[in-house]
There are 2 protein chains.
Amino acid sequence: MSNSPADSALVRACRGLEVPRTPVWFMRQAGRSLPEYRKIRAGVGMLESCRRPDLVTEITLQPVRRHDVDAAILFSDIVVPLAAAGIDLDIVAGTGPVVAEPIRTAADVARVRPLTPADVDYVAEAVRLLLPELGATPLIGFAGAPFTLASYLIEGGPSRTYLKTKAMMYGEPQLWHDLLSRLADITLTFLRVQVAAGVSAVQLFDSWAGALSEADYREFVMPHSARVLSGLESAGVPRIHFGVGTAVLLEAMGEAGADVVGVDWRTPMDRAAAIVGPGHSLQGNLDPAILFAPWEVVEREARRVLEQGRAARGHVFNLGHGVMPETDPGVLTRLVELIHSV
Amino acid sequence: MSNSPADSALVRACRGLEVPRTPVWFMRQAGRSLPEYRKIRAGVGMLESCRRPDLVTEITLQPVRRHDVDAAILFSDIVVPLAAAGIDLDIVAGTGPVVAEPIRTAADVARVRPLTPADVDYVAEAVRLLLPELGATPLIGFAGAPFTLASYLIEGGPSRTYLKTKAMMYGEPQLWHDLLSRLADITLTFLRVQVAAGVSAVQLFDSWAGALSEADYREFVMPHSARVLSGLESAGVPRIHFGVGTAVLLEAMGEAGADVVGVDWRTPMDRAAAIVGPGHSLQGNLDPAILFAPWEVVEREARRVLEQGRAARGHVFNLGHGVMPETDPGVLTRLVELIHSV
């Protein structure tokens, strides 16, 4: 096995098949923790860097070269398809996405048009450039899920409270579903472009779904995420579904149509395995903050995660959220070595 | 019943005794949602307002007058006892607590000295002024729990990631326990002052404990919170214990020695009741964002919370987190009327 990305440890673990060793990659592995990333990004805006296939290729490869992880993840940002669909936004360093005209009225929602594959040809091009470089290492495509995208569009940027988002959700449910339906279309098109170009798996990031109760998630969010995930079923690549603070949502996030449920560090992997059941693999879930502790602690906690992960159908080792920019990349490399040695 | 605060619906619900109606109050009911609060606070710094018994009294009474809630909560801030114990900090509008010299080394921890009751005589004075004004309405005292206080002291202010906090917790557990032990002493003294002055209940706010897994909570946090809560046992007032995003911590937060476990909106009250068991009452848990929805939605969701709360030994109706500053106070008043009418 492992001579092709489609038969890699990552893809096999996602499917619950036997693996020679637990595959490991890190959310935000291609990012600010790496000096070579900071160097190549110097003076280049985030959106611009996501649109240049040469930069996407180099940045995506950096952590694979350095850490020997078992998967690459396409360098992009969850707002890239929104910008490509004509929404005026930027990614501001230190802040995050900033939307010029937040989406709050029916007229605003009507402005959200479908994405066409031609809008993101640079993404397909980057995937095509990456595949020969990666060889047997699988490339994970990704997109933001409709709820998380909606929260940025409605709030106008990052939020702690999601007040305006929830105000639309509770107050104008029809408008809400119209918006999320449009975002599901955009997300599905964006992921299909990546799958058609050759990615071996996809991750749907519903980063902020943890702001919701399970009942609200099932009513207002899950149908749209499920449409994205089921729309990829025939593509035959594993679908990973991840959010933060989703202790009460893990079952529903699996039911939405994921092959793999991503788990943050708050829920132990063995408990998560019992919640999602035998039909799903798990990804996670070392607390990214643990990487700032002495190595003995990192090793002890990583071994605990591996041990608890054995309760799952399949286990993709990862952090419980993204790599913090301040992380020592040497610790990440050592962690990969440890996971590979166990 | 209800002719004395000690026999009020709030205190009885906390103890799991029969009540004539479900008591209701709101976290941050004395705050920026009220125009009379914004008026009285104009030009007065937050810490100063917490140290002036006349202001504390007036601000604490404002929501009781306006909303007819079943409890007052002492106007203060969780960093008040830290400042009173000599830590140089301020509460900056729009930011939160800012600590001049964050606590990160053994020498820093050694600087954290005990609080003496005389350091917070203005708090005792405010309670004494409030009691005759409140009559049969109980006054809830409060303090921040050791973990949440530590996070502000170590980070130097509010945080999204608690990186430095967790770095000390994992990397220097002895120093961590030393710091939390000192903070538990301060918290216990601060609450004892309030109890001695006559509050009818206390709430221990571990606002940010939800950043932790249950295993870490039990190892690094619970012993210190338990010492605070057990140190109040002989005082005979109910102890409410609250944090946000604590779906995986509810059982442990009850075990720590709470009479009442506060629940955010993510966990339905009936599920929370099953988790904490028959030995604890519950407080919560309407999503504060629902107050921005049309009244029919507010009413439907409030009735759902009441219905699900019947599974608990006792139920204190509240929001699942604090009142947002942008909330229409008229909706809060109407919500109290609704709860009282059911």
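Worth saying up front: this structure is predicted, and the values here are computed from it rather than measured.

Could you clarify how one ought to interpret the packing of helix H4 (residues 53-67) of chain B against helix H7 (residues 121-134) of chain B in this entry?
Helix-helix packing is characterised by the crossing angle of the two axes and by the distance between the axes. Residue and element names in this part refer to chain B. Packing of H4 against H7 leaves a shortest axis separation of 8 Å and a crossing angle of 40°. With respect to their mutual orientation, H4 and H7 come out oblique. Between H4 and H7 the crossing geometry is right-handed. In this structure, H4 uses Pro-53, Asp-54, Val-56, Thr-57, Thr-60, Leu-61 and Val-64 to contact H7, whose residues at the interface are Tyr-122, Glu-125, Ala-126, Leu-129, Leu-130, Glu-133 and Leu-134. Here the residues of the contact of H4 with H7 are counted per class, giving nine nonpolar, two polar and three charged.

What exactly am I supposed to notice about the packing of helix H14 (residues 295-309) of chain B against helix H15 (residues 329-341) of chain B here?
All names here are of chain B. At a minimum axis distance of 11 Å, the contact between H14 and H15 shows a crossing angle of 45°. Classified by the angle their axes make, H14 and H15 are oblique. In the packing of H14 onto H15, the handedness of the crossing is right-handed. In contact with Trp-295, Val-298, Glu-299, Ala-302, Arg-303 and Leu-306 of H14, H15 contributes Val-331, Arg-334, Leu-335, Leu-338 and Ile-339. A per-class count over the contact of H14 with H15 returns eight nonpolar, no polar and three charged.

Is there a simple way to think about the pattern of salt bridges in this case?
Opposite charge on two side chains permits pairing when their charged atoms draw close. Scanning the entire structure with this criterion turns up 42 salt bridges over all chains. Ionic pairing is found between Asp-287 of chain A and Lys-166 of chain B, a salt bridge with its closest N-O pair at 2.7 Å. Of this pair, Asp-287 of chain A sits in the loop between strand S8 (281-286) and helix H14 (295-309) while Lys-166 of chain B sits in helix H9 (residues 163-171), on two different chains. There is no split in this pair, since Asp-287 of chain A and Lys-166 of chain B are both buried. In this structure, Arg-12 of chain B engages Asp-7 of chain B in a salt bridge whose closest nitrogen and oxygen atoms are separated by 3.0 Å. The class for Arg-12 of chain B is buried, based on a relative accessible area of 16%.

It is not clear to me how the sheet that holds strand S9 (residues 315-319) of chain B should be interpreted in this structure. Could you clarify?
Within a sheet, neighbouring strands are paired by backbone hydrogen bonds and run either parallel or antiparallel to one another. All names here are of chain B. Within the open sheet, the seven strands sit side by side as S1-S4-S5-S6-S7-S8-S9. Their pairing is parallel. For this open sheet the edge positions go to strand S1 (72-73) and S9, each flanked by a neighbour on one side alone. Sheet topology places S1 next to strand S4 (residues 139-144); two bridges connect them, and they run parallel. Paired with Ile-73 across the bridge in S4 is Ile-140.

Which parts of the structure should I look at to understand the environment of Thr-105 of chain B?
All names here are of chain B. Locating Thr-105 in the fold gives a position in the loop between strand S3 (96-99) and helix H6 (106-110). With a relative accessible area of 38%, Thr-105 lands in the partly exposed category. The spatial distance from the C-alpha of Thr-105 to the C-alpha of His-280 is 38 Å, given a sequence separation of 175 residues.

What's the story with the pairing of S8 of chain A in this structure? I'm lost.
The side chains of a regular strand alternate between both faces of the sheet. All names here are of chain A. For S8, the buried fraction is high: six of the six residues fall into the buried class. With three bridges connecting them, strand S7 (residues 260-262) and S8 associate as parallel partners. Each bridged residue has a counterpart across the sheet, and for Gly-262 the counterpart in S8 is Gln-283. Handedness of the β-α-β unit built from S7, helix H13 (residues 269-276) and S8 comes out right-handed. Here S8 runs beside strand S9 (residues 315-319); their pairing, made up of five bridges, is parallel. Note that in S9 the partner of Gln-283 across the bridge is Val-316. You can see the chain leave S8, run along H14 and come back into S9, and the turn it takes is right-handed.

How should I be thinking about the relation of the copies chain A and chain B in this particular structure?
What connects the two chain copies is a rotation about an axis and a shift along it. For the pair chain A and chain B, the relating rotation is 180°, the translation along its axis is 0.0 Å, and the fit reaches an RMSD of 0.0 Å. These values place the two chain copies in the arrangement generated by a two-fold rotation axis. Proximity to the rotation axis, assessed at the C-alpha, singles out Ala-247 of chain A in chain A; its C-alpha lies 3.3 Å from the axis. In this assembly the copies share their binding face: 100% of the residues contributing to the interface of chain A also contribute to that of chain B.

Looking at this structure, I do not really get the packing of aromatic side chains. What am I missing?
Two measures describe an aromatic ring pair: the distance that separates the ring centres and the angle between the ring planes. By the definition in use, this model includes twelve aromatic pairs over all chains. Seen from their ring centres, Tyr-37 of chain A and Phe-75 of chain A are 5.7 Å apart, and the 65° between their planes marks the pair as edge-to-face. Here Tyr-37 of chain A, found in helix H2 (residues 35-41), pairs with Phe-75 of chain A, found in the loop between strand S1 (72-73) and helix H5 (80-84); they are 38 residues apart in sequence, far enough to count as distant. Exposure remark for Tyr-37 of chain A: the relative accessible area of 5% places this residue in the buried category. Residue classification places Phe-75 of chain A among the buried residues on the basis of a relative accessible area of 5%. With 6.0 Å between their ring centres and 85° between their planes, Tyr-170 of chain B and Phe-220 of chain B make a pair best called edge-to-face. Taken as a pair, Tyr-170 of chain B in helix H9 and Phe-220 of chain B in helix H11 (residues 214-230) lie far apart in primary sequence, 50 residues in all. Assessed through its relative accessible area of 3%, Phe-220 of chain B is described here as buried. Members of the aromatic cluster, joined through ring pairs, are Phe-142, Phe-205 and Phe-242 of chain A.

It is not clear to me how the interface of chain A and chain B should be interpreted in this structure. Could you clarify?
You'll often see interface size given as the accessible area lost when the parts meet. Between chain A and chain B, the residue contacts involve 28 residues of the former and 28 residues of the latter. Carbon and sulfur atoms make up 61% of the area that chain A and chain B hide from each other, which totals about 2500 Å². In terms of surface lost to chain B, no three residues of chain A exceed Leu-163, Tyr-170 and Arg-266 of chain A, which account for 25% of the buried area on that side. The interface formed by chain A and chain B includes four salt bridges. At the junction of chain A with chain B, the criterion picks out eight residue pairs in polar contact (both at pLDDT 80 or more). Ranked by the residues each element gives to the side of chain A that touches chain B, the list is headed by helix H9 (residues 163-171) of chain A, at five residues. The residue makeup of the side of chain A that touches chain B, split by class, is 15 nonpolar, six polar and seven charged.

What counts, and where the lines are drawn
- Once a new chain begins, its residue numbering starts again from 1 and follows that chain's sequence as written.
- Starting at A for chains and at 1 for ligands, labels are handed out in the order in which the entities are written.
- For this predicted model, a pLDDT threshold of at least 70 governs which residues receive local features, and a threshold of 80 or more governs which side-chain atom pairs are given and counted, while totals over whole chains, interfaces and linings are taken from all residues.
- Only heavy atoms go into the side-chain values, all of them from the structure, while hydrogens and water stay out.
- Fitting a line to C-alpha atoms yields each axis, with helices limited to the stretch in contact; the angle taken between N-to-C directions then spans 0 to 180 degrees.
- Where helices and strands are cited, they refer to DSSP runs of H or I of at least four residues and of E of at least two residues respectively, numbered from the N terminus.
- Reported orientations rely on four angle classes, namely roughly parallel under 35 degrees, roughly antiparallel over 145, roughly perpendicular from 65 to 115, and oblique for the rest.
- For any helix crossing, the convention is left-handed if the near helix is rotated counterclockwise from the far helix by under a right angle, and right-handed if that rotation is clockwise.
- Contacts between residues were defined by any pair of non-hydrogen atoms, one from each residue, lying within 4.5 Å.
- Residues are grouped as follows: Ala, Val, Leu, Ile, Met, Phe, Trp, Tyr, Cys and Pro are nonpolar; Asp, Glu, Lys and Arg are charged; every other residue, Gly included, is polar.
- Put simply, a salt bridge is a Lys or Arg side-chain nitrogen that is within 4 Å of an Asp or Glu carboxyl oxygen.
- Between buried and exposed lies partly exposed: a residue is buried under 20% and exposed over 50% of the maximum accessible area for its type, with that area taken using a 1.4 Å probe on protein chains only.
- What makes two strands pair is DSSP finding at least two bridges between them.
- By definition, the crossover connecting two strands over a helix is right-handed if that path, from the first strand to the second, turns clockwise as seen with the strands pointing away from the viewer.
- The atoms used to superpose the copies are C-alpha atoms, taken from residues with pLDDT of at least 70 in both, and the fit is least squares.
- Stacked, tilted and edge-to-face are the three classes applied to pairs of Phe, Tyr and Trp rings, where Trp contributes its six-membered ring and a pair requires centres within 6.5 Å; stacked means planes under 30 degrees apart, edge-to-face means over 60, and tilted covers the rest.
- Two parts placed together each lose some accessible area under a 1.4 Å probe, and adding up what both lose gives the buried area.
- Think of a polar contact as two N or O atoms within 3.5 Å of one another; within protein, one of them needs to be a possible hydrogen donor and the other a possible acceptor, and neighboring residues in sequence only count if both atoms come from side chains.

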